[in-house]
Amino acid sequence: MLALSSCCENDVTQNDPKSLISEAAIEARVVELAEQISKDYEGCGELVLVGVLKGAFIFLADLSRRLTIPRVIEFIAVSSYGSRSRSSGAVRLVMDVRGNIEGKHVLIVEDIVDTGHTLKYLIGMLDSHGPASVKTCALVRKAERAEVEVDVDYLGFDIPDEWVVGYGLDYAEKNRTLPYIGVITPAD
Ligand code: PRP
């Protein structure tokens, strides 16, 4: 049988980033965003929430459950060339949405907007499917790092240019399930 106690001890020593946004602050902001989105899309029919893998999976799960309007969930996956700390700006589609979004209202849900290249690419790509509208929602944005202009219609927090992990965000696939957003110093 797996020795759970020794596994947990290892996780605790590994996960200790300094807190930037607490779990309570995230939850409060998610409630506010969900209220605003529900109000704005009231009477618009079914809203298609498009979560961007992998980072948006926790934010999407929490946000979508707080909405009071009809909604469906889609996922999309992209890959950017280079690491998040040194993005080349080139974005490639890895997995498209499964459902037909033609004539539907679409809300892209991102964990982070950094240079802005991914979101800009996704808006154009989803727009080409002929939706009724495409808007954007991101939990955090690093305004200082912006390389392209892109509208974030619903934003959780503007943050400084630090490497953040937790609540879906990773560093080399680590720390995604941390319940708060913390800061680390990456090795590269
Ligand atoms: C992150 C994030 C965005 C993108 C933002 O994804 O989820 O999709 O970077 O960066 P940009 O504004 O500079 O384009 P990442 O490539 O880290 O993949 P992941 O979500 O699978 O961790």
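Residues numbered from 1 in each chain as written. Predicted model: local features only at pLDDT ≥ 70, side-chain atom pairs only at ≥ 80, totals over all residues. Heavy atoms only, no water.

Colleague: I'd love a proper account of the overall build of the protein chain, names of residues and values included.
Modeller: Counting secondary structure elements, the protein chain contains four helices and nine strands. For the protein chain, the residues scored as buried account for 43% of the 188 residues in total. Partitioning the contacts of the protein chain with sequence separation of at least 6, the portion at a separation of at least 24 is 66%. Looking at the protein chain as shown, the accessible area adds up to about 9,900 Å², and 51% of this sits on carbon and sulfur atoms. (Helix = DSSP H or I, 4+ residues; strand = E, 2+ residues; numbered from the N terminus. Buried < 20%, exposed > 50% of the residue type's maximum accessible area, 1.4 Å probe, protein only. Contact = heavy atoms within 4.5 Å. Areas by Shrake-Rupley, 256 points an atom, 1.4 Å probe, with all protein chains shown as cover.)

Colleague: Please provide a residue-by-residue account of the sheet that holds strand E1 (residues 18–21), values included.
Modeller: Spatially, the three strands line up as an open sheet ordered E1-E9-E8, and their pairing is antiparallel. In this open sheet, the two edge strands, each paired with only one partner strand, are E1 and strand E8 (163–165). Taken over all neighbouring pairs, the strand axes of this sheet differ in orientation by 45° on average, direction set aside. Bridge count for E1 against strand E9 (residues 181–184) is three bridges, and the pairing is antiparallel. Counterpart to Ile-21 in the pairing with E9 is Ile-181. (Pairing = 2+ DSSP bridges. Axes fitted to C-alpha atoms, helices over the stretch in contact; angles between N-to-C directions.)

Colleague: Break down the site of the ligand for me, citing the residues and quoting the values.
Modeller: What surrounds the ligand is a group of 16 residues, the closest being Glu-110, Asp-111, Thr-115, Gly-116 and Thr-118. Measuring from an oxygen atom of the ligand, one finds a backbone N or O atom of Lys-54 at 2.9 Å. At 2.8 Å from an oxygen atom of the ligand is found a main-chain nitrogen or oxygen belonging to Asp-114. Protein contact buries 85% of the 500 Å² of open area that the ligand shows by itself. Ranked by residue count, the leading element in the shell around the ligand is strand E5 (residues 105–113), at four residues. Of the residues that constitute the shell around the ligand, the class distribution is three nonpolar, six polar and seven charged. (Near = heavy atom within 4 Å. Polar contact = N/O pair within 3.5 Å; in protein donor to acceptor, adjacent residues only side chain to side chain. Nonpolar A, V, L, I, M, F, W, Y, C, P; charged D, E, K, R; others polar.)

Colleague: Could you give an account of the packing of aromatic side chains, with specific residues and numbers?
Modeller: Scanning all chains against the criterion turns up one aromatic pair. Pairing Trp-163 with Tyr-171 gives two aromatic rings, centres 5.5 Å apart and planes at 85°, and the pair type is edge-to-face. What makes Tyr-171 partly exposed here is its relative accessible area of 23%. (Phe/Tyr/Trp six-rings, centres within 6.5 Å; stacked < 30°, edge-to-face > 60°.)

Colleague: Before we move on, can you summarise the environment of Ser-38 with the specific residues and values?
Modeller: Of note, Ser-38 is situated in helix H2 (residues 23–40). For the pair Ser-38 and Arg-71, spaced 33 residues apart in sequence, the C-alpha separation works out to 10.0 Å.

Colleague: Before we move on, can you summarise H2 with the specific residues and values?
Modeller: Helix length check: H2, at 18 residues, gives a terminal C-alpha distance of 26 Å against a target of 26 Å (1.5 Å per residue), a fit within 8%. Burial in H2 covers these residues: Ile-26, Val-30, Leu-33, Ala-34, Ile-37 and Ser-38. Taken end-on, H2 shows its buried residues confined to a sector of 130°, consistent with a single buried face. Seen from the open side of H2, the exposed residues pointing more than 90 degrees away from its buried face are Ala-24, Glu-35 and Lys-39. (Expected span 1.5 Å × (residues − 1). Arc of directions from axis to C-beta.)

Colleague: So, the side chain of Asp-170: which residues are in play, and what are the values?
Modeller: Within the element layout of this structure, Asp-170 appears in the loop between E8 and E9. Asp-170 sits in the buried class, given a relative accessible area of 15%. Within the structure, Asp-170 has its side chain in polar contact with the backbone nitrogen of Glu-173 (distance 2.7 Å).

Colleague: Summarise the sheet that holds strand E4 (residues 91–95); cite the residues concerned and give the values.
Modeller: In a beta sheet, neighbouring strands are held together by backbone hydrogen bonds and run either parallel or antiparallel to one another. Spatially, E4-E3-E2-E5-E6-E7 is the arrangement adopted by the six strands of the open sheet, whose pairing is mixed. Two strands close off the open sheet at either side, each with one partner strand: E4 and strand E7 (154–158). Averaged over all pairs of adjacent strands, the angle between strand axes in this sheet comes to 30°, irrespective of strand direction. When strand E6 (residues 133–141) meets E7, the two strands line up parallel, connected through four bridges.

Colleague: Hey, could you go over the pairing of strand E2 (residues 47–53) for me, with residue numbers and the actual values?
Modeller: Of all seven residues in E2, six are buried; the element is thus mostly enclosed. Here E2 runs beside strand E3 (residues 71–80); their pairing, made up of seven bridges, is parallel. Residue pairing across strands places Val-52 opposite Ile-76, the latter belonging to E3. For the crossover from E2 across helix H3 (residues 57–66) to E3, the handedness is right-handed. Relative to E5, E2 is paired through five bridges, and the arrangement is parallel. In the sheet register, Val-50 faces E5, and the bridge partner there is Ile-108. (Right-handed = clockwise from strand over helix to strand, strands pointing away.)

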